[in-house]
Amino acid sequence: MAVLLEEIVQSVEIWLKLIKKPQPYVDPNLDPVLLVPGIAGSILQAVDDNGRGERIWVRIIGADYKFRTKLWSRFDPSTGQTVSLDPKTHIVVPEERYGLHAIDVLDPEMIIGRECVYYFHDMIVEMTKWGFQEGKTLFGFGYDFRQSNRFQETLERFAARLESVYTASGGKKINIISHSMGGLLVKCFLSLHSDIFEKYVQNWIAIAAPFQGAPGYIASTLLNGMSFVEGWEQNFFISKWSMHQLLIECPSIYELMACPDFQWEHKPVLEIWIEKKDKDGNSNSVLESYSPEESISVFKEALSNNTVNYDGLDIPLPFNLKILQWACETQKILSQAKVPPQVKFYNIFGMNLETPHTVCYGSVEEPVTDLEQLKFIKAQYICIDGDGTVPVESAMADGLDAEARIGVPGEHRGILCEAHVFRILKHWLKADPDPYYNPLNDYVILPTAFEMERHKEKGLQVTSLKEEWEILSGDEDNIVINNNEKPLVSSIAVSDQSALMEARATVTLHPQSEGKRHVELNAISVSATV
């Protein structure tokens with residue numbers, strides 16, 4: 001009986017081995033990657049004096065109540081820190097999975113509609129397929145996004161994370177991939193700690209970074225708040241008003257305002273239809289425009305009596321001039337950043353979407369009679385090209401020596417799961433690099449034939465060459481097929497009379513079909529033999 005039982009156990013063990021999930025592919029030659037999210041892109045936990053913690057960002061059940069009681073804050077100008085109103089609460093970022101847990105799925109318990117709380121999830125899954133391994137070559141850095149991008153505690157944690165990633169990967173230099181405001185955090189660190197940056201980093205890839213601000217988006221945020229979740233899910237999420245009261249005290253938001261020193265091609269303005277009376281007492285609607293600098297006076301008046309009730313106390317939350325002063329200093333620090341010679345910087349930005357730039361309140365028919373009403377008026381936007389949040393003009397103006405700047409059609413957060421972006425990253429990270437792929441135009445030029453022949457004829461050296469390529473375009477959705485299109489033929493001739501040499505070539509570009517273009521080169525050269 002014992003022998004039979006042992007055979008059964010062995011059989012079960014063999015069966016378990018057979019059905020065991022195959023081990024993920026791991027490429028030991030890859031260099032480590034550190035993912036840095038943008039605003040609201042990290043899980044935040046509230047920890048009390050007894051060490052008990054609960055997730056307050058992001059959550060669905062009791063989201064608004066917990067947000068107001070645990071995350072509402074005040075800015076302390078003496079330290080530059082935004083501190084929770086609850087004196088017993090300390091905000092921390094979870095560190096499980098080498099920092100990836102905090103930036104993967106922002107509400108891990110959410111089942112229905114889970115995609116709306118994905119952050120780096122799709123990118124983590126994709127990079128794992130390329131051979132990256134959590135804790136060996138793939139890491140994350142979550143942070144308290146209420147704080148300034150130059151907050152000392154955050155930068156100290158970032159320095160420690162760079163060192164730990166460098167050590168865990170066996171002394172390999174790091175590829176940083178930042179998204180959105182994470183690009184400003186990395187740039188602040190680069191400006192203030194360039195020696196540490198140079199020691200540990202080999203490449204920095206910024207995606208959708210608001211290097212010169214997100215003018216329209218932030219102007220309306222300061223007056224009306226913002227929603228991080230769209231669709232039916234926002235009914236169960238944090239209200240726009242609750243979010244507004246938090247963001248008024250967040251230095252990170254002020255640091256995303258339009259940079260006043262930047263030479264905008266399209267200058268962002270705040271427009272308000274104001275009701276004014278003429279000398280006869282008749283009411284007229286007048287459109288007033290305010291530059292980014294002039295808008296400050298509007299923010300001050302509109303929020304002059306803004307208050308929240310916390311634990312029975314009315315707390316004033318006006319537009320915070322101390323935070324504005326802090327943010328102006330941050331922008332100076334950002335402008336001084338330089339990429340070290342040994343580090344390569346790349347910039348991917350979103351495009352082809354209507355992006356708020358100029359914000360307008362009121363109308364000719366319904367002008368604004370009191371600026372304090374702006375908190376309750378829905379903003380209208382004049383848009384320019386961008387990713388829906390950050391204008392192309394801002395994202396491209398990194399002020400750094402870049403190896404490449406590439407625009408990808410996509411939405412601000414959705415760009416993190418774009419196949420086009422994955423293809424570019426895979427190339428830059430040298431994860432199965434394709435020597436024929438050019439990220440700048442997203443073409444793959446694939447040689448398909450090569451023939452060369454040399455012979456002598458009547459005292460002449462004759463060389464003939466035939467070469468063919470296929471040009472593969474990744475943008476197959478936008479290809480227009482014209483069945484009547486004819487091949488394009490171009491010829492060139494070059495001669496050197498002094499050396500008795502002549503060459504002629506013909507290039508034929510065939511019509512595009514199924515995302516491919518066939519190219520033929522036929523050339524012949526003739527030279528006198530000595």
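Heads up: the structure comes first, above all this text.
In this report, we go over the structure that sits alongside the text. Numbers given to residues run from 1 along each chain, matching the order in which its sequence is written. The model is predicted, so local features are restricted to residues of pLDDT at least 70 and side-chain atom pairs to those at 80 or more, both for listing and for counting; the totals for chains, interfaces and linings are taken over all residues. With hydrogens and water excluded, all non-hydrogen atoms of the structure serve as input to the side-chain values.

**Comments concerning the environment of glutamate 126**
Among the secondary structure elements, glutamate 126 is positioned in helix α3 (residues 121-130). In sequence terms glutamate 126 and alanine 419 are 293 residues apart; their C-alpha atoms lie 9.5 Å from each other. Secondary structure elements follow DSSP: runs of H or I no shorter than four residues count as helices, runs of E no shorter than two count as strands, and numbering proceeds from the N terminus.

**Let's talk about the sheet that holds strand β2 (residues 44-47)**
Within the open sheet, the three strands sit side by side as β3-β2-β6. Their pairing is antiparallel. With partners counted over all chains shown, the strands left at the sheet margins are β3 (53-57) and β6 (90-92), one partner each. Looking at each pair of strands side by side, their axes are set apart by 35 degrees on average, direction ignored. DSSP bridges decide pairing: two strands pair if at least two such bridges lie between them. Where β2 meets β6, three bridges bridge the pair, whose relative direction is antiparallel. Along β6, the bridge assignment pairs valine 47 with histidine 90. Two residues qualify as a contact provided that any one of their heavy atoms is within 4.5 Å of a heavy atom in the partner residue. Here an angle of 0 to 180 degrees is reported between the N-to-C directions of two axes, which are lines fitted to C-alpha atoms, with helices fitted over the stretch in contact. In the packing of helix α2 (residues 63-71) onto the sheet, contacts are made with β2, β3 and β6, and the angle to β3 comes to roughly 110 degrees.

**A few points about helix α5 (residues 182-192)**
In terms of residue burial, α5 counts as a mostly covered element, since nine of its 11 residues are buried. Only protein chains enter the accessibility calculation, which uses a 1.4 Å probe; a residue is then buried when its area is under 20% of its type maximum, exposed when over 50%, and partly exposed in between. Those residues of α5 that fall on the buried side of the exposure criterion are Gly182, Gly183, Leu184, Leu185, Val186, Lys187, Cys188, Phe189 and Leu190. For α5, the elements touching its buried residues are β1 (33-36), α4 (152-168), β8 (174-179), α6 (194-200), β9 (201-207) and α11 (321-335).

**Considerations on the pattern of salt bridges**
Only one rule defines a salt bridge in this text: a Lys or Arg side-chain nitrogen within 4 Å of an Asp or Glu carboxyl oxygen. Taken as a whole, this structure holds 16 salt bridges when the rule is applied. Glutamate 288 serves as the salt-bridge partner of lysine 276, at 2.6 Å between the closest nitrogen and oxygen. Within this pair, whereas lysine 276 is found in strand β10 (residues 270-277), its partner glutamate 288 is found in strand β11 (residues 283-290), the two being separated by 12 residues in sequence. One network of salt bridges, with partners in common, ties together Glu54, Arg59 and Lys66.

**Some points on the environment of lysine 322**
With respect to the secondary-structure elements, lysine 322 resides in helix α11. Sequence separation between lysine 322 and aspartate 76 is 246 residues; the distance between their C-alpha atoms is 8.9 Å. Excluding anything up to four places from it in sequence, lysine 322 contacts Phe75 and Pro77.

**With respect to the sheet that holds β10**
The mixed open sheet is built from four strands, whose spatial order is β11-β10-β15-β16. With partners counted over all chains shown, the strands left at the sheet margins are β11 and β16 (380-386), one partner each. Along the sheet, successive strands turn relative to each other by an average axial angle of 25 degrees, direction set aside. Pairing of strand β15 (residues 353-361) with β16 involves seven bridges; the strand directions are antiparallel. Residue pairing for β16: cysteine 360 is matched across the bridge by glutamine 380. Contacting β10 and β11, helix α10 (residues 295-302) crosses the sheet at an angle of about 65 degrees to β10.

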